[in-house]
Amino acid sequence: MAHRDLDKLFSTARSDCPSDALLDRYHWRVLDDELQQSVSAHLHDCPMCRQRLEFREKGFHAFDAARPEAMLDVIRSGLNKGVFSTLISGIFKTPLRIATTAVGALVLLVSLVFVLYSYNNVPGASSSGMRSMGGLELRVFVERSGRVSEALSGDEFHPGDRLRFKVSLPHEGFVLVVGQEDSGRLYRVFPIDSGKGERMQSSISLLPGAVRLDSSLGKEKLLLVLCSQPVDIHMLSSSGHSGIEVPSGCISSIFELNKTKVP
Amino acid sequence: MRDSNNADEQLSGWFEKYGPSVYRRARYLLGNDDDAREATQEVFIRAMKAQRTFEARAGVHTWLYRITTNYCLNVLRDRKRRKELWEENMSDSGQAVPFTQNVESVMLLRRLLSEAEAQQARVAVYVLVDGMSHSEAARYMKVSRRTVGNLLERFKKWAEARILEEKEGE
């Protein structure tokens, strides 16, 4: 295959047609006058590019499956952390606010120390296999019929539902999300291409990728595991219907799915 | 709360104006609506989070184009790792595949982009897919026109050899 064949193979338009980017900018009317007129003249003579422009003019309506409202919901949800940061930065605008914040932070710190002290003195409490009080959290967002909403543990889910996950991590470590079928079998959810945990910073993050629920019905569990050492799905053991054992030094958070038929 | 309201207005404005372009581009490069939605969401989350560092001179659309290209190329590489590229379902709506192309050539394009060196893959998207001139691509990639030419030449040589290698293996 010669070079010119590659050009022909990949190009989405004739060589004298405006590029996608140029046509986009023409559509948004951000080109200078001369270029805007030159593209107009080309469009006059080129039915293919007129079709390309008409496609742009339809916006999201050109794509049946785009679901822009659902996408915006997910984007807003992914930006929650940013909004929180903005509010925090706004508080620090004046010295008076700084002083007020310092007093508030001190009160919060004392309360936190008290809560942690109380928690650590609960008989039998250990980090292994228990939900962390320090903020480890698995939030689940479900996309169903084009609408995205946050689900709660124990909610009903249906085959075909598409799930995305947001995790709140109290400290840096290796993150793994696994699912447990009703039979007790474990399967990996995140990272999607490996059974090994991915190293992540302490943060609230929307995990990349999504999973679609299969046709099996019944109760399933999702387990978010955070470990200070590298963790692998094989290091977790399923204890039948009662739960999942995680290695020592790991903390976990469980989310329950109740999979039922599509009504 | 005014800051967050402003941010939301800005998001809505950008999404309405540039969202379809990001979606269209992602759908073409990735080949299906699920991945295109995913890509559009991720691109806007990244863009809104990084807007303070964004170079106003370049223009929002240039900036979004860049993020979309890089994101989609990463997804293609990940897919390659998961050996899913050949198994993906092609859209039959005809809109994901531009006018002059057929399904086989788009599949070949995605596979080559998933294997190519990162800079060469970017230049291939801008020049061969988007149809940009070398000067236009140079502006988007923030490199010289000469570099665009060199990268493109290398990509083409590599792609030819890769296609030939595959034909011989059949």
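Rules and cut-offs
- Residues numbered from 1 in each chain as written.
- Chains lettered and ligands numbered in written order.
- Predicted model: local features only at pLDDT ≥ 70, side-chain atom pairs only at ≥ 80, totals over all residues.
- Heavy atoms only, no water.
- Helix = DSSP H or I, 4+ residues; strand = E, 2+ residues; numbered from the N terminus.
- Buried < 20%, exposed > 50% of the residue type's maximum accessible area, 1.4 Å probe, protein only.
- Areas by Shrake-Rupley, 256 points an atom, 1.4 Å probe, with all protein chains shown as cover.
- Phe/Tyr/Trp six-rings, centres within 6.5 Å; stacked < 30°, edge-to-face > 60°.
- Salt bridge = Lys/Arg side-chain N within 4 Å of Asp/Glu carboxyl O.
- pLDDT = per-residue confidence, 0-100.
- Contact = heavy atoms within 4.5 Å.
- Expected span 1.5 Å × (residues − 1).
- Polar contact = N/O pair within 3.5 Å; in protein donor to acceptor, adjacent residues only side chain to side chain.
- Disulfide = S-S within 2.5 Å.

### What to know about the overall build of chain B
Piece 1. For chain B, the helix and strand inventory stands at 7 helices and 0 strands.
Piece 2. In sequence order, chain B lays out its α and β elements as α-α-α-α-α-α-α.
Piece 3. Each of the 170 residues in chain B was classed as buried or not, and the buried ones make up 54%.
Piece 4. A total accessible area of about 8,100 Å² is found for chain B, and carbon and sulfur atoms account for 47% of it.

### So, unusual backbone geometry
Piece 1. With an omega of -5°, the peptide bond running from Phe190(A) to Pro191(A) counts as cis.
Piece 2. Its place among the elements puts Pro191(A) in the loop between β6 (186–190) and β7 (198–200).
Piece 3. Phi is positive for Arg67(A), close to 50°, though the residue is something other than glycine.
Piece 4. Here Arg67(A) lies in the loop between α4 (47–57) and α5 (68–78).
Piece 5. Look at Lys142(B): it is not a glycine, yet its phi comes out positive at around 55°.
Piece 6. Tracing the backbone shows Lys142(B) in the loop between α6 (134–141) and α7 (145–169).
Piece 7. Residue classification places Lys142(B) among the exposed positions, given a relative accessible area of 52%.

### With respect to the packing of aromatic side chains
All names here are of chain B.
Piece 1. All told, the structure shown has 11 aromatic pairs over all chains when counted by the stated rule.
Piece 2. Relative to Trp 63, the ring of Trp 14 has its centre 6.1 Å away and its plane inclined at 80°; by these criteria the two rings are edge-to-face. A residue pair is termed long-range when its members are at least 10 positions apart, and Trp 14 in helix α1 (residues 2–30) and Trp 63 in helix α3 (residues 60–81) qualify at 49 residues. Comparing Trp 14 with Trp 63 shows no difference in burial state: the two are buried.

### So, the pattern of salt bridges
Piece 1. Scanning the model with the defined rule gives 20 salt bridges over all chains in all.
Piece 2. For Arg199(A), the salt bridge is made with Glu172(A), and the minimal N-O distance between the two is 3.0 Å. Here Arg199(A), found in strand β7, pairs with Glu172(A), found in the loop between β4 (162–168) and β5 (173–180); they are 27 residues apart in sequence, far enough to count as distant.
Piece 3. Where Arg162(B) meets Glu165(B), a salt bridge forms, and the shortest distance between an N and an O atom there is 3.4 Å.

### Quick word on the confidence of the model for chain B
Piece 1. Put simply, chain B has an average pLDDT of 79, and 76% of its residues get 70 or more.
Piece 2. The low-confidence segment residues 84–101 of chain B (pLDDT under 50) makes 50 contacts with residues lying over four places distant or belonging to another chain.

### Quick notes on helix α5 (residues 118–129) of chain B
All names here are of chain B.
Piece 1. With 12 residues, α5 extends 15 Å from end C-alpha to end C-alpha; this agrees with the ideal 16 Å at 1.5 Å per step.
Piece 2. Of all the 12 residues making up α5, 9 are buried; the element is thus mostly covered by neighbouring parts of the structure.
Piece 3. Every buried residue belonging to α5 is among Gln 120, Ala 121, Val 123, Ala 124, Val 125, Tyr 126, Val 127, Leu 128 and Val 129, and all of these are buried.
Piece 4. Sitting at the amino-terminal end of α5 is Glu 117, which places a side-chain oxygen 3.2 Å from the backbone nitrogen of Gln 119.
Piece 5. Following α5 by one or two positions, Gly 131 has its phi on the positive side, about 75°.

### Examining the state of the cysteines
Piece 1. The full count for this structure, using the stated rule, is 1 disulfide over all chains.
Piece 2. Cysteine Cys17(A) shares no disulfide, and the gap to the nearest cysteine sulfur, in Cys49(A), comes to 3.5 Å.

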